[in-house]
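Listed here are the chains, written in short residue letters.
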Amino acid sequence: AVTGVQTCALPISGNYTKPRIVWNGLKIAIENPVGTVREGVDEGGRAWRTEFAHTYGEVTGTEGADGDPVDVFMGPDDSAPEVYVVRQMKRKNWDQFDEDKCFLGFASMADAKAAYLAHYDDPRFFGSIIAMPRDEFIAKVRATAKHPGMLKSVLFMRRATSR
């Protein structure tokens, strides 16, 4: 969990100093601490607003499927044994994969999904969710520095279908 980080208005350009933390050996740059608000107007003229209920950032030195560092939301339990990865879909192209959002420190898949949905104004952004053991996630996210892409857990997906 991230504490003691003050919320502030963030420049639109994204060029600002981001607080850094270390989670299980991964360096994370914090973009939005708890309580930070992002707001704007979409291409249709509709206002949107997101208040972050969970700290949001990116794993430095990584590259996700979208070409940016791997995105993470931080939950309250640093010792949680699994990481949950949400497949986010593209706005207006709801059947197309956009990027992964990873949930660290959440007690269950249901908690991670609820946290995801609390941060997005349209449930169609949610494509699916998988889980993987924390150590597997750490190894895979580190590997994205040389081989960017989606974070997959075939073993868990087989387990999940048998439930």
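Keep in mind that what you see is a predicted model, and the values were worked out from it rather than measured. (Residues numbered from 1 in each chain as written. Predicted model: local features only at pLDDT ≥ 70, side-chain atom pairs only at ≥ 80, totals over all residues. Heavy atoms only, no water.)

Trainee: Explain the packing of aromatic side chains residue by residue, including any values.
Mentor: Tallied over the full model, the rule gives 11 aromatic pairs. Ring centres 5.8 Å apart and planes at 35 degrees place the aromatic pair Phe52 and Tyr56 in the tilted group. The exposure class of Phe52 is buried, given its relative accessible area of 5%. Residue class for Tyr56 comes out buried when judged on its relative accessible area of 5%. Between Tyr116 and Tyr120, the ring centres sit 4.4 Å apart and the planes meet at 20 degrees, which makes this aromatic pair stacked. The exposure class of Tyr116 is buried, given its relative accessible area of 0%. A relative accessible area of 21% places Tyr120 in the partly exposed class. (Phe/Tyr/Trp six-rings, centres within 6.5 Å; stacked < 30°, edge-to-face > 60°. Buried < 20%, exposed > 50% of the residue type's maximum accessible area, 1.4 Å probe, protein only.)

Trainee: Any chance you could break down the confidence of the model for the protein for me, citing the residues and the numbers?
Mentor: Predicted coordinates in regions of low pLDDT should not be interpreted in detail. With 82% of its residues at a pLDDT of at least 70, the protein reaches an overall mean of 85. Here residues 1-13 is a poorly scored stretch, pLDDT under 50, and it has 20 contacts once near neighbours within four places are set aside; other chains count. Ignoring residues within four places in sequence, the model shows residues 154-163, a span with pLDDT below 50, making seven contacts including any to other chains. (pLDDT = per-residue confidence, 0-100. Contact = heavy atoms within 4.5 Å.)

Trainee: Could you give an account of the pattern of salt bridges, naming the residues involved and the relevant values?
Mentor: Inspection of every chain in the model, using the stated rule, returns 12 salt bridges. Among the salt bridges present, the one from Glu43 reaches Lys92, with a minimum N-O distance of 3.6 Å. Separated by 49 residues along the polypeptide, Glu43 in the loop between β3 (37-41) and β4 (47-51) and Lys92 in the loop between β7 (82-90) and β8 (93-104) bring together distant segments of the chain. An identical accessibility class is assigned to Glu43 and Lys92; each is exposed. A salt bridge links Lys140 to Glu136, with the nearest nitrogen and oxygen atoms 2.9 Å apart. Of this pair, Lys140 and Glu136 both sit in helix α2 (residues 134-143), four residues apart, which is roughly one turn of that helix. On the basis of relative accessible area, Lys140 is assigned to the partly exposed category, the value being 29%. One continuous salt-bridge network, built from bridges that share partners, spans Glu39, Arg49 and Glu51. (Salt bridge = Lys/Arg side-chain N within 4 Å of Asp/Glu carboxyl O. Helix = DSSP H or I, 4+ residues; strand = E, 2+ residues; numbered from the N terminus.)

Trainee: I'd like a rundown of the pairing of β7, residues and numbers included.
Mentor: Counted residue by residue, β7 has seven buried out of nine residues, so it is predominantly covered. Examined bridge by bridge, β7 and strand β9 (residues 126-133) share seven bridges and lie antiparallel to one another. The partner of Gln88 across the bridge, within β9, is Phe126. Two strands pair when backbone bridges link them, and β7 and β8 are joined in this way by seven bridges, in the antiparallel orientation. Paired with Arg87 across the two strands is Asp100, which belongs to β8. Between β7 and β8, which follow one another and run antiparallel, lie two residues, and Lys92 among them has a positive phi close to 70 degrees. (Pairing = 2+ DSSP bridges.)

Trainee: Can you explain the sheet that holds strand β1 (residues 20-23)? Please cite residues and give values.
Mentor: Ordered in space as β1-β2-β5-β6-β8-β7-β9, the seven strands form an open sheet in which the pairing is mixed. Of all strands in the sheet, those bounded by a partner on one side alone are β1 and β9. When strand polarity is set aside, the average angle formed by the axes of neighbouring strands in this sheet is 35 degrees. Contacts between helix α1 (residues 109-118) and the sheet are confined to β7, β8 and β9, with β9 contributing the most and set at about 140 degrees to the helix. In the packing of α2 onto the sheet, the strands contacted are β1, β2 (26-32), β5 (55-59), β6 (70-74), β7, β8 and β9, and the crossing angle to β9 comes to about 110 degrees. (Axes fitted to C-alpha atoms, helices over the stretch in contact; angles between N-to-C directions.)

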